Amino acid sequence: MNIIHMNEGHKITASLDECILTLGGSLTIDIDEEQRDVERVITVFADVSARQPSRVAAERGAARSSLAEQTRRNAESLQAMGFAHRISDRWQVENAAYLAANRSAGDTSGTMSAISRAVRQALQSAILAVGAWLVIQQEASAGVMIASSIMMGRTMAPVDSAIGSWRSFVAARQGWARLRKLEPVFQEAAPVLD
């Protein structure tokens, strides 16, 4: 993070494309490439760590749904043959596996959210510290210090939001990949009559 002192009067501007904040004319904070690299690393780490647990949870959910559908479809036959207890035990195993996989995916997503939130709060604290130092040096007002902290929080909010919903994004991407695998099957289907 580069800090550049300026004395151009009272103004607050924000250029989020270049990630530069100019506050009160006395403090410019340049969120440089290293800062953006931290955000990218957290996002990539969230993707890599959430991919496998989300895939396993989706597979376990599909297996559980398939077993439930098969059981519902053949309920009378299973009951007549005395397999109700065995199917119930099998359902318990599938359900427990699904719940464990779902919990693992949720834990991974929660951990990534917590890391992102901690980084955001650390950055906001650093901005407050720099702002407090400038207030003590009488180069900025207390309002500039608070405004800079708020603006830093606002610039990191999209990253927090993206990481918080990353699990859903990964699940959607995996669902799309499954549909793409089925595409050749649908293309080979019989043509529709006109």
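Here's what I pulled together on the structure shown here. All residue numbers refer to position in the chain's written sequence, counted from 1. Restriction of local features to residues with pLDDT of at least 70 applies here, the model being predicted, together with a cutoff of 80 or more for giving and counting side-chain atom pairs; totals for whole chains, interfaces and linings are based on all residues. As a rule here, side-chain values come from all non-hydrogen atoms in the structure, and water together with hydrogens is ignored.

## Observations regarding the overall build of the protein chain
Part 1: Looking only at helices and strands, one finds 5 helices and 4 strands in the protein chain.
Part 2: Secondary structure elements are defined from DSSP: runs of H or I of at least 4 residues count as helices, runs of E of at least 2 residues count as strands, and each element is numbered from the N terminus. Counting from the amino terminus, helix and strand elements in the protein chain follow one another as β-β-β-β-α-α-α-α-α.
Part 3: Buried positions account for 32% of the 194 residues belonging to the protein chain.
Part 4: Contacts are residue-level and defined by heavy atoms, with any inter-residue pair within 4.5 Å sufficient. A separation of at least 24 residues holds for 66% of the contacts in the protein chain among residues at least 6 apart in sequence.
Part 5: In the structure as shown, the protein chain presents an accessible area of about 12,400 Å², 59% of it carried by carbon and sulfur atoms. Only protein chains enter the accessibility calculation, which uses a 1.4 Å probe. A residue is then buried if its area is under 20% of the maximum for its type, exposed if over 50%, and partly exposed in between. Using the Shrake-Rupley algorithm and a 1.4 Å probe, accessible areas are obtained, with residue cover drawn only from the displayed protein chains.

## Re unusual backbone geometry
Part 1: One non-glycine residue, Gln 138, adopts positive backbone phi at about 60°.
Part 2: For Gln 138, the position within the fold is in the loop between α3 (84–136) and α4 (142–164).
Part 3: With a relative accessible area of 71%, Gln 138 lands in the exposed category.

## Quick word on the pattern of salt bridges
Part 1: Salt bridge, as used here, is a side-chain nitrogen of Lys or Arg placed within 4 Å of a carboxyl oxygen of Asp or Glu. Applying the stated criterion across every chain yields a total of 3 salt bridges.
Part 2: Note that Glu 69 is salt-bridged to Arg 72, the shortest N-O span being 2.6 Å. Here Glu 69 pairs with Arg 72, and both are found in helix α1 (residues 33–73), just 3 residues apart, close to one helical turn.
Part 3: One salt bridge in this structure joins Arg 73 and Glu 69, with 3.9 Å as the shortest N-O distance. One end of the pair, Arg 73, and the other, Glu 69, are both in helix α1, 4 residues apart, so they sit about a helical turn from each other.
Part 4: Taking relative accessible area as the criterion, Arg 73 reaches 53% and is therefore assigned exposed.
Part 5: Salt bridges sharing partners connect three or more residues here, namely Glu 69, Arg 72 and Arg 73.

## Concerning helix α5 (residues 166–187)
Since the α-helix advances by 3.6 residues per turn, residues separated by three or four positions end up pointing in the same direction.
Part 1: The span you would expect from a helix comes to 1.5 Å times its residue count less one. For α5, which comprises 22 residues, the first-to-last C-alpha distance of 32 Å matches the rise-based estimate of 32 Å (1.5 Å per residue) to within 8%.
Part 2: Its axis deflected by about 30° at Lys 181, α5 carries its strongest bend there, up to four residues before the proline Pro 184.
Part 3: Three or more residues of α5 are buried, namely Trp 166, Val 170, Gln 174 and Gly 175. One fitted axis covers the seven residues ending at a residue, a second covers the seven starting there, and the bend at that residue is the angle between these axes.

## Overview of the packing of α3 against α4
Part 1: Where α3 meets α4, the axes come as close as 9 Å, and the angle between the chain directions of the two elements is 165°. The angle between α3 and α4 places the two elements in the roughly antiparallel class. For α3 against α4, the interelement crossing comes out right-handed. Convention adopted: a line fitted to C-alpha atoms gives each axis, helices being fitted over their contacting stretch, and angles between N-to-C directions are expressed from 0 to 180 degrees. The scheme is simple: roughly parallel for angles under 35 degrees, roughly antiparallel for over 145, roughly perpendicular for 65 to 115, oblique for anything else. For any helix crossing, the convention is left-handed if the near helix is rotated counterclockwise from the far helix by under a right angle, and right-handed if that rotation is clockwise.

## Quick look at empty space enclosed by the protein
Gaps between atoms show up when a probe of the same size as a water molecule is rolled over them.
Part 1: Grid spacing is 1 Å over the protein atoms alone, the probe is 1.4 Å, and a cavity is where that probe fits but cannot get out, while a pocket is an open set with protein on both sides within 12 Å along at least five of seven lines and lining residues have an atom within 4 Å of a point. Grid points are joined across faces, edges and corners, and a volume is the space filled by probe spheres set on the points. Under the criterion given, the structure shown has 1 cavity of 30 Å³ or more.
Part 2: Lining of the largest cavity is provided by Ala 46, Ala 50, Thr 108, Ser 109, Met 112, Ile 163, Trp 166 and Arg 167.

## Considerations on a nonpolar patch on the surface
Part 1: Like-charged residues are merged into a patch within 9 Å and nonpolar side chains (Val, Leu, Ile, Met, Phe, Trp, Tyr) within 5 Å, provided each residue has over 30% relative accessible area and no salt bridge. Residues Trp 176, Leu 179, Leu 182, Val 185 and Phe 186 make up a contiguous nonpolar surface patch of roughly 570 Å² in combined accessible area.
Part 2: Relative to the assigned elements, Leu 182 resides in helix α5.

## Side note on the nonpolar core
Part 1: Joining through side-chain atoms within 4.5 Å is the link that ties buried Ala, Val, Leu, Ile, Met, Phe, Trp, Tyr and Cys residues into a set, and such a set is a nonpolar core. One finds Ile 42, Ala 46, Ala 50, Met 112, Val 159, Ile 163, Trp 166 and Val 170 forming the largest nonpolar core, which totals 8 residues.
Part 2: Where this core is concerned, the elements lending two or more residues are α1, α4 and α5.
Part 3: Discounting chain neighbours no more than four positions away, the residues touching Val 170 are Asp 47, Ala 50, Arg 51 and Ser 54.

## Concerning the side chain of Arg 120
Part 1: Structurally, Arg 120 can be placed in helix α3.
Part 2: Setting aside anything within four residues of it in sequence, one finds Arg 120 in contact with Gly 153, Met 156 and Asp 160.

## Section: α3
Part 1: Along its 53 residues, α3 runs 76 Å from first to last C-alpha, staying within 8% of the 78 Å computed at 1.5 Å per residue.
Part 2: Following α3 by one or two positions, Gln 138 adopts a phi angle in the positive range, close to 60°.

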